[in-house]
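Below are the chains, spelled out letter by letter.
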Amino acid sequence: MVKVSIIVPVYNVEKYLGKCLESLTAQTLKDIEIICINDGSTDDSLTVLQNFAAKDKRIKLIDKENGGPGVARNLGIKTAKGEYIGFVDPDDWVREDMYENMYAQAKRLDSDIVICDYVRYEDWSGEIVPHCFFQRAVKYNTSEPVDVPSGENIDRETLLETLLISPCYSVNRIYRRAFLQQNKIVYSEHYCYEDCPFVLQSHLAAQRVSFADYAGYIYRLRQDSLVRGYAKKYMDFCEVVKLLEQIIAERNLSEKMALNLHYFRTMNMAWSYMQTTPEEKKSLLRQARKFLTAKEYVAMKKYLQIRLRDKLKKILGVFVSVKKKPRHKVVKVLGLSFKLKRRCGRLGAEQHYIRQVRENCKKYPKDTYLLFDCLHDENVEAIDAYCLFEEMRAQGIPAYYVVRKQTALYRRLEVENKLENIIALTFSSRTHPNEFMQKIKDVLLRTKCILTSFGENSGSVEMFFRRCPAWKYIFIQHGTIFMKESVLYNGYLFPKKFDKFLVCSDREESIWKKYGFTEDKLLKVGLPRWDLLKNLPQPQEKSILLMLTWRQLNAVSFDDSLYKKRLLSLLHNKKLQKYLKQHDINLYFAPHHALAGNSHINFDLSKEGNIQIIEGGKVSHYIRQCSAMMTDFSSVAFDFMFQHKPVVFYMLDRDDVALGEYDREDLQKFDYKQYILPDVFFDEEKAVERLIEYCENNFEIDENTQKIYDSFFYTKENIRRQLIEKLEQL
């Protein structure tokens, strides 16, 4: 039985099609069919399709004249035999377990539609932009976040509140085929924006719609598709809006849907404006003024920051100067001064609450600590600041911990009912300050120290904190910088950024001081999480943790990097596989959290029963349980040294041309550290041989190695208590 039919309309995408099809043929859900409709491509897309179809019988190829994506998708729906149907655009790709996860949830909840999250891949920069699918799904009239639960069917009211506000893409969904046929739901065949009516009609007709908080779809933003002639697209958009208005009127939906449609019209017109060329922008604004209501037109211009001030400045040129003041602006025109109220825009709510905090800060005693780990990435395991927070609470010290609702830590705390003094946020780089500051302003009034284990150099996170001199800002580290000096010499961390910086040893202290960090800036203790590793029993299972650091790459694509090539080579090393199998030793591979969604890799470990992939969010368990570690650069190595467990360093990409400038310098510096750290290798076979030696010797380390390991720690006793004592003295 075909569980999922995946429909791919193809038109002139030979450059991207291979990556898309590789991700589909590598799906862990094997009972699928991949229906590829070549929609009259004039490049070599058809050849690419034929080559893949020859290798995989699950690919069904349909070649037809060009009719548009709506026609192609409808043909795919008619051809499909799967229980569920999914859609993928040919220049995008998906994670290898996406359809297995979504299908499992569909069966468990008996859902007609399952939605998953997605990330955006910027083709020109190679960067991954997290999205948070329902984050923009707000009540349009109040701007309050809508709480959309993951792993369960969405109630009808929440579904109506989010329709047309959350992106109307069909590619990050699967649909029950019988449901689509029964309700005769098909794509519009003559318009752009063909997704919108399809998504609206299907969601309104569905009895059960569920959301999986899992970023399985990678949506490629192509530079060659950002600027397009808007004329046809604009006309199509107007027709699609009329169709949506008709659907809403026929079903007699609530006023909320009408508000959502206003939002849809406004934001999509703004998006069209951003896509057009400078020559077309003026014409599009004239058309938008006719199409949008007066309120929508003003909202669109406000969103795009098209202001009278900018027009004045352009007209009057040198005769106009703008001088910024804290609460207003002074505009001088031909010698005359005018005071204008300063526009806060998106940051208005955040500035309002910060102003309240500043005005009232002196009225409250400063006795509270505010802690967080990493707020910009939910894939990072939150442990450093959180374990310090636990110790503070155990000692009765007022402390609060900020956590993202998307993280595994929050889900665990929710299940264990340990949410006291937890500030939970649906947080991302685009979080509206209103949500954040409303929840945290009362805590900030009493806060004396803000502690983080990450540098948080993105302005979207940092802007919430560096606002009041009453707060001490403390950096307690997520991992030692001993092998990552670039965080210091490229300015990611600098003396003025924090009031205090935690360091772990004399060796590390000397590196900080080399880059201008004075004695009074340093807290000499150690990482709080090391307290959790003290006096652990010896692991019952003989096992190895493989954890490699992810580094920033330059313009050379990740798929062409030595990092990927040598990583796959190591995982399939025959000598290592044979030894692990013969001696029943497991190797657990934890891909770095920053690698999630960055590039599709088919690890293909189905035949290597003793090598398993684990989630990065669960690595702390394996730090305790594994007997040895192999890494290149990761600060997790010091967690193993702390426990007197061996670490083998395999520097697998020292000569990789894809490395960025700072990482190349870091590796060159580390080359000299082979005289300080034992077991540093640049050859795969030698690194594997050393790892096997440790296995043969029951993972024992010699006395000299033990002394070197111990030199990386000031202390191993009561680290958190010592740190808290130093903080209380500030």
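On a predicted model such as this, the values are computed, not experimentally measured, just so you know. (Residues numbered from 1 in each chain as written. Predicted model: local features only at pLDDT ≥ 70, side-chain atom pairs only at ≥ 80, totals over all residues. Heavy atoms only, no water.)

### Considering the overall build of the protein
Here is step 1: For the protein, the count of helices and strands is 28 helices and 25 strands.
Here is step 2: By residue count, 55% of the 730 residues in the protein fall in the buried class.
Here is step 3: Relative to all contacts within the protein whose residues are 6 or more apart in sequence, the contacts with residues 24 or more apart total 74%.
Here is step 4: Of the roughly 34,000 Å² that the protein leaves accessible, carbon and sulfur atoms contribute 49%. (Helix = DSSP H or I, 4+ residues; strand = E, 2+ residues; numbered from the N terminus. Buried < 20%, exposed > 50% of the residue type's maximum accessible area, 1.4 Å probe, protein only. Contact = heavy atoms within 4.5 Å. Areas by Shrake-Rupley, 256 points an atom, 1.4 Å probe, with all protein chains shown as cover.)

### Examining a nonpolar patch on the surface
Here is step 1: Judged by side-chain polarity, Trp271, Met274 and Tyr303 come together as a nonpolar surface patch covering roughly 300 Å² of accessible area.
Here is step 2: Here Met274 lies in helix α10 (residues 255-275). (Patch = residues over 30% accessible without salt bridge, like charges linked within 9 Å, V, L, I, M, F, W, Y side chains within 5 Å. Salt bridge = Lys/Arg side-chain N within 4 Å of Asp/Glu carboxyl O.)

### Focus on the packing of aromatic side chains
Here is step 1: If you walk through the whole model with that rule in mind, you get 25 aromatic pairs.
Here is step 2: Between Phe501 and Phe517 the ring centres are 4.9 Å apart and the planes differ by 80°, which places this aromatic pair in the edge-to-face class. Here Phe501 is found in strand β18 (residues 500-503), whereas its partner Phe517 is found in the loop between α20 (506-514) and β19 (522-524), with 16 residues between them in sequence.
Here is step 3: Exposure remark for Phe501: the relative accessible area of 0% places this residue in the buried category.
Here is step 4: For Phe517, a relative accessible area of 2% gives the class buried.
Here is step 5: Measuring from ring centre to ring centre gives 5.2 Å for Phe638 and Phe712, while their planes differ by 70°; the resulting arrangement is edge-to-face. (Phe/Tyr/Trp six-rings, centres within 6.5 Å; stacked < 30°, edge-to-face > 60°.)

### Some words on the sheet that holds strand β23 (residues 628-631)
Here is step 1: What the six strands build is an open sheet, ordered β22-β21-β20-β23-β24-β25; its pairing is parallel. Two strands close off the open sheet at either side, each with one partner strand: β22 (611-613) and β25 (680-681).
Here is step 2: Direction of pairing for β23 relative to strand β24 (residues 647-650): parallel, over a ladder of three bridges. Paired with Thr631 across the strands is Phe649, a residue of β24.
Here is step 3: Together, β20 (543-547), β23, β24 and β25 form the strand contacts of helix α26 (residues 684-696), whose direction differs from that of β24 by roughly 175°. (Pairing = 2+ DSSP bridges. Axes fitted to C-alpha atoms, helices over the stretch in contact; angles between N-to-C directions.)

### Some details on the confidence of the model for the protein
Here is step 1: Mean pLDDT over the protein stands at 80; residues scoring 70 or higher make up 78%.
Here is step 2: In the predicted structure, residues 226-230 sits below a pLDDT of 50 and forms 15 contacts with residues beyond four places in sequence or in another chain.
Here is step 3: Below pLDDT 50 for its whole length, residues 342-349 participates in 18 contacts with residues either more than four positions away or in separate chains. (pLDDT = per-residue confidence, 0-100.)

### Things to note about the pairing of strand β9 (residues 209-221)
Within a regular strand, the side chains alternate between the two sheet faces.
Here is step 1: With ten of 13 residues buried, β9 lies mostly within the body of the structure.
Here is step 2: The pairing of strand β6 (residues 113-122) with β9 spans ten bridges and is parallel. Looking at the pairing, Cys116 lines up with Ala212 of β9.

### Brief notes about the sheet that holds β19
Here is step 1: Strand order in the open sheet made by the seven strands is β15-β14-β13-β16-β17-β18-β19, with parallel pairing throughout. In this open sheet, the two strands that pair with only one neighbour each are β15 (422-425) and β19. On average, each strand axis in the sheet is inclined to that of its neighbour by 25°, with strand direction left out of account.
Here is step 2: With four bridges connecting them, strand β14 (residues 399-404) and β15 associate as parallel partners. Considered in β15, the bridge of Val403 is made with Ala424.
Here is step 3: With respect to the sheet, helix α15 (residues 384-394) is in contact with β13 (368-372), β14, β15 and β16 (447-452), its orientation differing from that of β14 by roughly 150°.
Here is step 4: Against the sheet, helix α28 (residues 719-728) engages β13, β16, β17 (472-475), β18 and β19, with an angle of about 145° to β19.

### Focus: the nonpolar core
Here is step 1: Counting 118 residues, the largest nonpolar core has Leu371, Tyr401, Trp512 and Leu545 as the members making the most contacts within it.
Here is step 2: Among the elements that take part in this core, α26 stands out by supplying six residues, more than any other.
Here is step 3: Listed in part, the 85 residues of the second largest apolar core include Ala72, Ala80, Phe211 and Leu284. (Core = buried A, V, L, I, M, F, W, Y, C linked by side-chain atoms within 4.5 Å.)

### Let's talk about the pattern of salt bridges
Here is step 1: Under the definition given, this model contains 30 salt bridges.
Here is step 2: Linking Arg720 and Glu391 is a salt bridge whose minimum nitrogen-to-oxygen distance equals 3.7 Å. With Arg720 in helix α28 and Glu391 in helix α15, the pair connects residues that are 329 residues apart, well separated along the chain.
Here is step 3: Relative accessible area serves as the criterion here: at 12%, Arg720 is assigned to the buried category.
Here is step 4: Here Glu416 makes a salt bridge to Lys418, at a shortest N to O gap of 3.4 Å.
Here is step 5: Residue classification places Glu416 among the partly exposed residues on the basis of a relative accessible area of 37%.
Here is step 6: Given a relative accessible area of 45%, Lys418 falls into the partly exposed group.
Here is step 7: Among the ionic contacts, a cluster of salt bridges with common partners joins Asp110, Asp112, Arg176 and Arg208.

### So, the side chain of Asp195
Here is step 1: Mapping Asp195 onto the fold places it in helix α7 (residues 195-205).
Here is step 2: Classification of Asp195 by relative accessible area gives buried; the value is 10%.
Here is step 3: At 3.2 Å, the side chain of Asp195 and the backbone nitrogen of Ser170 are in polar contact.
Here is step 4: Setting aside residues no more than four positions away along its own chain, Asp195 makes contact with Arg73, Cys168, Tyr169, Ser170 and Tyr187. (Polar contact = N/O pair within 3.5 Å; in protein donor to acceptor, adjacent residues only side chain to side chain.)

### Focus on the pairing of β17
Here is step 1: Bridge analysis of β16 against β17 gives four bridges, and the strand direction is parallel. The partner of Cys449 across the bridge, within β17, is Lys472.

### Focus on helix α1 (residues 14-25)
Helical geometry: 3.6 residues make up each α-helical turn, so side chains three or four residues apart lie on a common side.
Here is step 1: Between its first and last C-alpha, α1 extends 17 Å over twelve residues, near the 16 Å set by a 1.5 Å rise per residue.
Here is step 2: Within α1, the full set of buried residues consists of Tyr16, Leu17, Gly18, Lys19, Cys20, Leu21, Ser23 and Leu24. (Expected span 1.5 Å × (residues − 1).)

### As for the environment of Asp31
Here is step 1: By the element assignment, Asp31 lies in the loop between α1 and β2 (32-39).
Here is step 2: Contact partners of Asp31, with chain neighbours within four places excluded, come to Met1, Val2, Lys3 and Val4.

### Observations concerning the packing of helix α22 (residues 574-582) against α26
Here is step 1: For the pair α22 and α26, interaxial distance at closest approach is 10 Å and the crossing angle is 15°. Of the possible angle classes, the one that applies to α22 and α26 is roughly parallel. The crossing of α22 and α26 is left-handed. Touching Lys575, Leu576 and Tyr579 of α22 are Glu685, Val688, Glu689, Leu691, Ile692, Cys695 and Glu696, all from α26. (Parallel < 35°, antiparallel > 145°, perpendicular 65-115°, else oblique. Left-handed = near helix turned anticlockwise from the far one by under 90°.)

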